[in-house]
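Chain by chain, the residues run as shown.
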Amino acid sequence: RFRPGWDEYLIQQLKSCPSKKPILTTYPIGYEIGDVEDIYPEDCIRGTLLYATKFDENGILRQSARRMKDVPKAPVPTLLWASGFSFSSAKMLKECPYDPNLRSLFFGEEISMAARLWTSGWDFFAPTETVLFHLWKRTHRPSFRETRNKENAQLKAEDEKNSRDFVFELL
């Protein structure tokens, strides 16, 4: 779900970033199926900022987002990148396309892409206000991880391990 005028707002935010190659990125605020109340404007006042949370059992850096205390005057520099909200020039994906070696990988894809983007000169910023909302719960439909190699759990596990190994090699 997007707030009204999201596109014009993000274009202005992108232009105000102090970088030649900016990317606006963060995790959106969640909503639930069945939410029908207007989620704008009160929930759009303060944006969210990514932060590292821990290394998981596979050694992959995990990240999350929290609401900013205030509404900053300009987009906030951040060290991390989120695949669920990444707004920039199409040049970003031309220079750093998604890595085809990361088959069946969910956790690890964002830190890998962040490293590839950053080493290619891209800078990350959180927008000052919330512009979209995400349905975080996955109970209403299967994810790609649940459908990929559904018949062959061993192949799925091998794909994930090979992808993680590739990320560790890259980093």
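Look up: the structure comes first, before these words.
(A) Structural detail: the pairing of strand β3 (residues 48-55). Here seven bridges tie β3 to strand β4 (residues 61-67), and the two strands are oriented antiparallel to one another. Counterpart to Y51 in the pairing with β4 is S64. What sits between the antiparallel neighbours β3 and β4 is a turn of five residues, in which G59 has the positive phi angle 85°.

(B) Structural context of the pattern of salt bridges. Enumeration over the complete set of coordinates arrives at five salt bridges. Between E95 and K21 there is a salt bridge, with the nearest N and O atoms lying 2.8 Å from each other. Here E95 is found in helix α2 (residues 91-95), whereas its partner K21 is found in the loop between α1 (6-15) and β1 (22-25), with 74 residues between them in sequence. For E160, the salt bridge identified is with R164, shortest N-O distance 4.0 Å. Taken together, the residues E160 and R164, both in helix α5 (residues 153-170) and four residues apart, mark about one turn of the helix. Using a relative accessible area of 13% as the deciding quantity, one classes E160 as buried.

(C) Quick peek at the sheet that holds β1. Strands sit in the order β5-β7-β1-β6 across an open sheet of four strands; the sheet is mixed. The open sheet is flanked by β5 (76-78) and β6 (86-87), the only strands paired with a single partner. Bridge count between β5 and strand β7 (residues 123-126): three bridges; the pairing is antiparallel. Within β7, the residue paired with V76 across the bridge is A126. Together, β1 and β6 form the strand contacts of α1, whose direction differs from that of β1 by roughly 135°.

The rules we used
Residues numbered from 1 in each chain as written. Predicted model: local features only at pLDDT ≥ 70, side-chain atom pairs only at ≥ 80, totals over all residues. Heavy atoms only, no water. Pairing = 2+ DSSP bridges. Helix = DSSP H or I, 4+ residues; strand = E, 2+ residues; numbered from the N terminus. Salt bridge = Lys/Arg side-chain N within 4 Å of Asp/Glu carboxyl O. Buried < 20%, exposed > 50% of the residue type's maximum accessible area, 1.4 Å probe, protein only. Contact = heavy atoms within 4.5 Å. Axes fitted to C-alpha atoms, helices over the stretch in contact; angles between N-to-C directions.

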